[in-house]
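A closer look at the structure
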Amino acid sequence: MSASLRPAYLLIGDAFLAGEKFKQIQTQIDKTYSGDIACQTVHLTDAPFENVLQQARTLPFLVSAQMFRIQDLHKMNKESVEMLSAYLEAPTERSFLVFQDLEIKKNDALVKLLQKRGDVYFLEEEKSPNEAVRYIREKLKSFGKTITPGALTRLQQDYGEVPSFLDSVLDRLIAYAGKASTIDETMVDIFQEQFKAVNVFQLTDAIASRQTGAALALLKQLLEEGDGQTVALIGLLHWQIRRLWLAKVLLEEGEPESTIMRKCKMSPRQVPFLMRQLKPFSRERLERALEGLFQIDWKIKSGRTDGEVALESWLVEATA
């Protein structure tokens, strides 16, 4: 095993941030070992942890390394942590365990173990709130434009968590601004209303109601309007479905609408629409959709798939 790689990782925090960190680890493994990297997501609500370790001990035929993205860590009991500790005494070469959790206490036994024998990332602590702000200013400056503080805050809050989506929005906003040298809040308001004419909200509506034909037609239209920028569209879809997933989680935890509105960064007028759109989705269905988008994004960026074909396949599965 490369000295820069660890046999196990723990990613704690927002699902999107965890996904980005997972990609970084995946890229590092991909650069270290030539050939195919087997990758699978395991939900411990569906498979006992001992099964994961059993698979990790044997490298599949014709692959150079394997990764396990392990979720539902509330199923990791004392016995599971002890089994992991024993495994990490002599981990299998080229097998990598990546544990992911939205929130886990720093004194948890799993955290303490992986701080000693793996790598632990508290993603919210690593995230800089100024990253999106800096990117917005630099991109606008390259086009000879400035932005008012209020408009900057709006863009950072609405789109800052999904870099590919933010980049796509900025491209469209710059084109919309035309010869104007300064972008202000009024301009952002008008742009956002027009931006929603044919958009991801209609597409997620079609996905929710399992209208495969309508979803494929909307996908084609969105790709045509975006000049075939599949990565940007994936970011857009991930942003919306992730927000639905977060709202579903908060609802299941009994949180009031005010908390959902705050944590999902929504205005009061958006809440009824989101609740209506959320109703047909189960948490499991949203998680499968997010995992599918994650895999497509990785394969596109590593040159392993055609983005449009992959998105069409994802849509058919998401609406089935």
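Note that the coordinates shown come from a computational prediction; the quantities given were computed from them, not determined experimentally.

Observations concerning the packing of helix α10 (residues 200-208) against helix α12 (residues 230-252)
Between α10 and α12, the shortest axis-to-axis distance is 10 Å and the interhelical angle comes to 60°. With respect to their mutual orientation, α10 and α12 come out oblique. Relative to α12, α10 is oriented so that their crossing is right-handed. Residues Val 200, Phe 201, Leu 203 and Thr 204 of α10 pack against Leu 236, Leu 237, Trp 239, Gln 240, Ile 241 and Arg 243 of α12.

As for the sheet that holds strand β2 (residues 37-43)
The strand order across the open sheet formed by five strands is β2-β3-β4-β1-β5, and the pairing between neighbours is parallel. A strand with exactly one partner marks an edge of an open sheet, and here the two such strands are β2 and β5 (119-122). Recorded for the sheet is a direction-independent mean angle of 15° between the axes of neighbouring strands. Where strand β3 (residues 65-71) and strand β4 (residues 95-101) come together, five bridges link them in parallel fashion. By the bridge assignment, Phe 68 is partnered in β4 with Leu 97.

Some thoughts on the pairing of β2
Taken together, the seven bridges between β2 and β3 define a ladder with parallel strand orientation. Looking at the pairing, Gln 40 lines up with Phe 68 of β3. You can see the chain leave β2, run along helix α2 (residues 49-56) and come back into β3, and the turn it takes is right-handed.

As for the pattern of salt bridges
Applying the stated criterion across every chain, the model contains eight salt bridges. With its nearest N and O atoms 2.7 Å apart, the salt bridge here joins Arg 154 to Asp 189. Of this pair, Arg 154 sits in helix α7 (residues 149-159) while Asp 189 sits in helix α9 (residues 185-195); the two residues are 35 residues apart in sequence, bridging distant segments of the chain. Linking Asp 205 and Arg 276 is a salt bridge whose minimum nitrogen-to-oxygen distance equals 3.4 Å.

Overview of a negative patch on the surface
The grouping of Glu 224, Asp 306, Glu 308 and Glu 312 at the surface amounts to a negative patch. Structurally, the position occupied by Asp 306 is in the loop between α15 (283-301) and α16 (307-318).

Things to note about α16
Here α16 spans 16 Å end to end across 12 residues, near enough to the 16 Å set by a 1.5 Å rise per residue. Listed as buried for α16 are Gly 307, Ala 310, Leu 311, Trp 314, Leu 315 and Ala 318. Down the axis of α16, the smallest arc covering the buried residues is 140°, so these residues share one side.

Side note on the pairing of β4
In the case of a regular strand, side chains alternate between the two sheet surfaces. Along β4, seven of the seven residues are buried, which leaves the element largely enclosed by surrounding structure. Residues Ser 95, Leu 97, Phe 99 and Asp 101 point to one face of β4 and Phe 96, Val 98 and Gln 100 to the other, with burial holding for every one of them. With helix α3 (residues 78-89) bridging β3 and its parallel neighbour β4, the resulting β-α-β unit is right-handed.

Notes on the environment of Thr 230
Mapped onto the elements of the fold, Thr 230 is located in helix α12. Taking the relative accessible area as the measure of exposure, Thr 230 reaches 12% and is therefore buried. The contact partners of Thr 230, leaving out residues within four places of it in the chain, are Leu 223, Ile 300, Gly 307, Glu 308 and Leu 311.

Side note on unusual backbone geometry
One non-glycine residue, Asp 72, lies in positive phi territory at about 65°. Along the polypeptide, Asp 72 turns up in the loop between β3 and α3. With a relative accessible area of 16%, Asp 72 lands in the buried category. We note that Arg 210 has phi near 60°; this positive angle belongs to a residue other than glycine. Tracing the chain through its elements places Arg 210 in the loop between α10 and α11 (212-225). Taking the relative accessible area as the measure of exposure, Arg 210 reaches 43% and is therefore partly exposed.

Quick notes on the nonpolar core
In this structure, Leu 203, Leu 233, Leu 237, Leu 311 and Trp 314 are the most contacted members of the largest nonpolar core, which totals 42 residues. Those elements that provide at least two residues to this core are α10, α11, α12, α14 (271-278), α15 and α16. If you tally residues by element for this core, the top one is α12, at 12 residues. If we ignore the near neighbours within four places in the chain, the residues touching Leu 311 are Leu 219, Thr 230, Leu 233, Ile 234, Leu 237, Leu 293 and Ile 296.

Considering the confidence of the model for the protein
Within the protein, residue pLDDT values average 84, and 89% of them lie at 70 or more. No element of the protein has a lower mean pLDDT than helix α5 (residues 123-126), at 68, and none a higher one than α3, at 96.

A short note on the packing of α12 against α16
One way to put it is that α12 packs onto α16 with a least axis distance of 10 Å and a crossing angle of 25°. Taken together, α12 and α16 sit at an angle that is classed as roughly parallel. The way α12 lies across α16 gives a crossing that is left-handed. Between α12 and α16, the residues in contact are Thr 230, Leu 233, Ile 234, Leu 237 and Ile 241 and Gly 307, Glu 308, Leu 311 and Trp 314, respectively. Class assignment for the residues of the contact of α12 with α16 results in six nonpolar, two polar and one charged.

Reading the values: rules and limits
Residues numbered from 1 in each chain as written. Predicted model: local features only at pLDDT ≥ 70, side-chain atom pairs only at ≥ 80, totals over all residues. Heavy atoms only, no water. Axes fitted to C-alpha atoms, helices over the stretch in contact; angles between N-to-C directions. Helix = DSSP H or I, 4+ residues; strand = E, 2+ residues; numbered from the N terminus. Parallel < 35°, antiparallel > 145°, perpendicular 65-115°, else oblique. Left-handed = near helix turned anticlockwise from the far one by under 90°. Contact = heavy atoms within 4.5 Å. Pairing = 2+ DSSP bridges. Right-handed = clockwise from strand over helix to strand, strands pointing away. Salt bridge = Lys/Arg side-chain N within 4 Å of Asp/Glu carboxyl O. Patch = residues over 30% accessible without salt bridge, like charges linked within 9 Å, V, L, I, M, F, W, Y side chains within 5 Å. Areas by Shrake-Rupley, 256 points an atom, 1.4 Å probe, with all protein chains shown as cover. Lys, Arg positive; Asp, Glu negative; His and termini not counted. Charge placed at Lys NZ, Arg CZ, Asp CG, Glu CD. Expected span 1.5 Å × (residues − 1). Buried < 20%, exposed > 50% of the residue type's maximum accessible area, 1.4 Å probe, protein only. Arc of directions from axis to C-beta. Core = buried A, V, L, I, M, F, W, Y, C linked by side-chain atoms within 4.5 Å. pLDDT = per-residue confidence, 0-100. Nonpolar A, V, L, I, M, F, W, Y, C, P; charged D, E, K, R; others polar.

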